[in-house]
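Working through the structure, step by step
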Amino acid sequence: MNTNLLFPHRYRLIGWIIFIPSLVLGLLYLYTEFRLSFLTFGKPDDNASIGALFGPWPINLTDELAALGLIIGLLFIAFAREKHEDEMIQHLRLESLQWSVYANYIILSLAIILIHGSPFLSVMIYNMFTILLVFVIRFRILLYKNSRELEKEVSV
(Lines give C-alpha, C1' and ligand atoms only; values in the text may rest on other atoms or scores of the structure.)
Protein backbone atom coordinates (compact mmCIF):
# COMPACT_ATOMS: atom_id res chain seq x y z
CA MET A 1 0.00 0.00 0.00
CA ASN A 2 1.42 3.35 -1.02
CA THR A 3 1.87 5.40 2.15
CA ASN A 4 2.14 8.60 0.09
CA LEU A 5 -1.64 8.49 -0.19
CA LEU A 6 -2.15 8.54 3.59
CA PHE A 7 -3.04 11.69 5.50
CA PRO A 8 -0.61 13.04 8.11
CA HIS A 9 -0.96 11.49 11.58
CA ARG A 10 -2.64 14.58 13.10
CA TYR A 11 -5.64 14.08 10.78
CA ARG A 12 -6.84 11.21 12.96
CA LEU A 13 -7.68 13.63 15.77
CA ILE A 14 -9.32 16.00 13.30
CA GLY A 15 -11.29 13.02 11.99
CA TRP A 16 -12.59 12.17 15.47
CA ILE A 17 -13.48 15.82 16.06
CA ILE A 18 -15.55 15.80 12.84
CA PHE A 19 -16.92 12.25 13.18
CA ILE A 20 -18.44 12.36 16.68
CA PRO A 21 -20.60 15.51 16.27
CA SER A 22 -21.62 14.34 12.78
CA LEU A 23 -22.68 10.97 14.16
CA VAL A 24 -24.75 12.64 16.88
CA LEU A 25 -26.29 15.05 14.35
CA GLY A 26 -27.10 12.21 11.95
CA LEU A 27 -28.72 10.07 14.63
CA LEU A 28 -30.72 13.04 15.91
CA TYR A 29 -31.87 13.78 12.36
CA LEU A 30 -32.87 10.16 11.67
CA TYR A 31 -34.63 9.38 14.93
CA THR A 32 -35.99 12.72 16.18
CA GLU A 33 -36.24 14.66 12.91
CA PHE A 34 -33.91 17.29 14.40
CA ARG A 35 -33.08 20.06 11.92
CA LEU A 36 -30.60 22.93 12.09
CA SER A 37 -32.65 25.99 11.14
CA PHE A 38 -29.73 27.91 9.61
CA LEU A 39 -29.40 25.11 7.03
CA THR A 40 -32.91 25.71 5.65
CA PHE A 41 -33.04 27.30 2.20
CA GLY A 42 -35.87 28.52 -0.02
CA LYS A 43 -39.47 29.48 0.53
CA PRO A 44 -42.53 27.28 0.03
CA ASP A 45 -43.59 29.39 -2.96
CA ASP A 46 -40.22 29.17 -4.79
CA ASN A 47 -40.12 28.32 -8.47
CA ALA A 48 -41.72 24.93 -9.21
CA SER A 49 -38.98 24.03 -11.70
CA ILE A 50 -36.36 24.28 -8.94
CA GLY A 51 -38.54 22.06 -6.77
CA ALA A 52 -38.77 19.50 -9.55
CA LEU A 53 -34.99 19.38 -9.81
CA PHE A 54 -33.99 19.38 -6.16
CA GLY A 55 -37.13 18.23 -4.35
CA PRO A 56 -39.74 20.17 -2.42
CA TRP A 57 -38.84 23.61 -1.10
CA PRO A 58 -37.86 24.73 1.48
CA ILE A 59 -35.01 22.26 1.90
CA ASN A 60 -32.94 21.58 4.98
CA LEU A 61 -29.37 20.38 4.58
CA THR A 62 -28.89 18.93 8.09
CA ASP A 63 -28.76 15.35 6.83
CA GLU A 64 -26.30 16.27 4.08
CA LEU A 65 -24.03 18.00 6.61
CA ALA A 66 -24.16 14.95 8.89
CA ALA A 67 -23.40 12.53 6.04
CA LEU A 68 -20.49 14.59 4.73
CA GLY A 69 -19.12 14.95 8.25
CA LEU A 70 -19.32 11.19 8.76
CA ILE A 71 -17.57 10.48 5.48
CA ILE A 72 -14.81 13.05 5.98
CA GLY A 73 -14.30 12.11 9.63
CA LEU A 74 -14.12 8.39 8.88
CA LEU A 75 -11.75 8.96 5.94
CA PHE A 76 -9.41 11.00 8.16
CA ILE A 77 -9.54 8.38 10.93
CA ALA A 78 -9.11 5.44 8.59
CA PHE A 79 -6.38 6.79 6.35
CA ALA A 80 -4.25 8.86 8.70
CA ARG A 81 -0.67 7.67 8.90
CA GLU A 82 0.41 5.92 12.10
CA LYS A 83 3.23 7.48 14.11
CA HIS A 84 5.49 4.64 13.05
CA GLU A 85 4.21 3.41 9.70
CA ASP A 86 6.04 0.21 8.71
CA GLU A 87 5.43 -2.84 6.53
CA MET A 88 3.51 -4.65 9.28
CA ILE A 89 1.09 -1.77 9.70
CA GLN A 90 0.70 -1.54 5.94
CA HIS A 91 -0.14 -5.24 5.89
CA LEU A 92 -2.69 -4.83 8.71
CA ARG A 93 -4.20 -1.83 6.91
CA LEU A 94 -4.55 -3.76 3.65
CA GLU A 95 -5.98 -6.83 5.41
CA SER A 96 -8.49 -4.66 7.28
CA LEU A 97 -9.56 -2.92 4.09
CA GLN A 98 -10.09 -6.23 2.31
CA TRP A 99 -11.98 -7.63 5.29
CA SER A 100 -14.23 -4.54 5.47
CA VAL A 101 -15.13 -4.79 1.77
CA TYR A 102 -16.08 -8.45 2.23
CA ALA A 103 -18.13 -7.66 5.34
CA ASN A 104 -19.86 -4.74 3.63
CA TYR A 105 -20.98 -6.78 0.65
CA ILE A 106 -22.09 -9.71 2.81
CA ILE A 107 -24.26 -7.31 4.82
CA LEU A 108 -25.56 -5.70 1.62
CA SER A 109 -26.36 -9.10 0.07
CA LEU A 110 -28.28 -10.16 3.16
CA ALA A 111 -30.17 -6.86 3.15
CA ILE A 112 -31.10 -7.29 -0.52
CA ILE A 113 -32.49 -10.74 0.23
CA LEU A 114 -34.20 -9.99 3.55
CA ILE A 115 -35.33 -6.35 3.48
CA HIS A 116 -37.85 -4.93 1.04
CA GLY A 117 -39.68 -1.67 0.47
CA SER A 118 -38.91 1.61 2.15
CA PRO A 119 -36.88 0.09 5.05
CA PHE A 120 -34.32 -0.86 2.40
CA LEU A 121 -33.58 2.85 1.93
CA SER A 122 -32.54 3.05 5.58
CA VAL A 123 -30.27 0.06 5.07
CA MET A 124 -28.66 1.78 2.09
CA ILE A 125 -28.10 4.94 4.13
CA TYR A 126 -26.26 2.95 6.80
CA ASN A 127 -24.45 0.92 4.13
CA MET A 128 -22.74 4.06 2.81
CA PHE A 129 -20.65 4.16 5.97
CA THR A 130 -20.19 0.44 6.61
CA ILE A 131 -16.94 -0.04 4.69
CA LEU A 132 -15.14 2.79 6.48
CA LEU A 133 -16.62 1.99 9.88
CA VAL A 134 -15.78 -1.72 9.69
CA PHE A 135 -12.30 -0.85 8.39
CA VAL A 136 -11.60 1.51 11.30
CA ILE A 137 -12.85 -1.01 13.88
CA ARG A 138 -10.99 -3.95 12.34
CA PHE A 139 -7.74 -2.00 11.85
CA ARG A 140 -7.75 -0.68 15.42
CA ILE A 141 -8.41 -4.19 16.80
CA LEU A 142 -5.54 -5.64 14.74
CA LEU A 143 -3.21 -2.83 15.85
CA TYR A 144 -4.15 -3.46 19.47
CA LYS A 145 -3.56 -7.23 19.15
CA ASN A 146 -0.27 -6.61 17.37
CA SER A 147 0.96 -4.23 20.07
CA ARG A 148 -0.01 -6.73 22.80
CA GLU A 149 1.98 -9.47 21.04
CA LEU A 150 4.98 -7.18 20.73
CA GLU A 151 4.77 -6.33 24.45
CA LYS A 152 4.74 -10.05 25.31
CA GLU A 153 7.80 -10.67 23.12
CA VAL A 154 9.69 -7.78 24.70
CA SER A 155 8.85 -8.87 28.26
CA VAL A 156 9.98 -12.47 27.65
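Shown above is the structure to which this text applies.
Residues numbered from 1 in each chain as written. Predicted model: local features only at pLDDT ≥ 70, side-chain atom pairs only at ≥ 80, totals over all residues. Heavy atoms only, no water.

1. Concerning the nonpolar core
Membership of the largest hydrophobic core comes to 17 residues, with the highest contact counts inside it found for Leu74, Ala78, Phe79, Phe135, Val136 and Phe139. Secondary-structure elements contributing two or more residues to this core are α3 (62-78), α4 (87-114) and α5 (119-155). Ranked by the residues each element gives to this core, the list is headed by α5, at seven residues. Beyond its immediate chain neighbours, meaning those up to four positions away, Phe135 contacts Ala78, Phe79, Arg93, Ser96, Leu97 and Ser100. (Core = buried A, V, L, I, M, F, W, Y, C linked by side-chain atoms within 4.5 Å. Buried < 20%, exposed > 50% of the residue type's maximum accessible area, 1.4 Å probe, protein only. Helix = DSSP H or I, 4+ residues; strand = E, 2+ residues; numbered from the N terminus. Contact = heavy atoms within 4.5 Å.)

2. Comments concerning the layout of surface pockets
Estimated volume of the largest pocket: approximately 390 Å³. For the largest pocket, the lining is made up of 17 residues, of which Gly26, Leu30, Leu70, Ile125 and Phe129 are closest to its centre. Taken together, the elements giving at least two residues each to the lining of the largest pocket come down to α1 (11-32), α3 and α5. Residue composition of the lining of the largest pocket, grouped by class: 13 nonpolar, two polar and two charged. (1 Å grid on protein atoms, 1.4 Å probe; cavity = no way out; pocket = protein on both sides within 12 Å on 5 of 7 lines; lining within 4 Å. Points joined across faces, edges and corners; volume = space filled by probe spheres on them. Nonpolar A, V, L, I, M, F, W, Y, C, P; charged D, E, K, R; others polar.)

3. Focus on the side chain of Glu82
Residue position: Glu82 is located in the loop between α3 and α4. Relative accessible area serves as the criterion here: at 12%, Glu82 is assigned to the buried category. At a separation of 2.7 Å, a polar atom in the side chain of Glu82 contacts the side chain of Arg140. Those residues within four positions of Glu82 in sequence are excluded, and the remaining contacts are His9, Arg12, Ile89, Arg93, Phe139, Arg140 and Leu143. (Polar contact = N/O pair within 3.5 Å; in protein donor to acceptor, adjacent residues only side chain to side chain.)

4. Topic: the pattern of salt bridges
Evaluated as defined, the whole model comprises four salt bridges. Between Arg12 and Glu82 there is a salt bridge whose closest N-O contact spans 2.3 Å. Of this pair, Arg12 sits in helix α1 while Glu82 sits in the loop between α3 and α4, and the two are 70 residues apart along the sequence. Comparing Arg12 with Glu82, the two get one shared label, buried. (Salt bridge = Lys/Arg side-chain N within 4 Å of Asp/Glu carboxyl O.)

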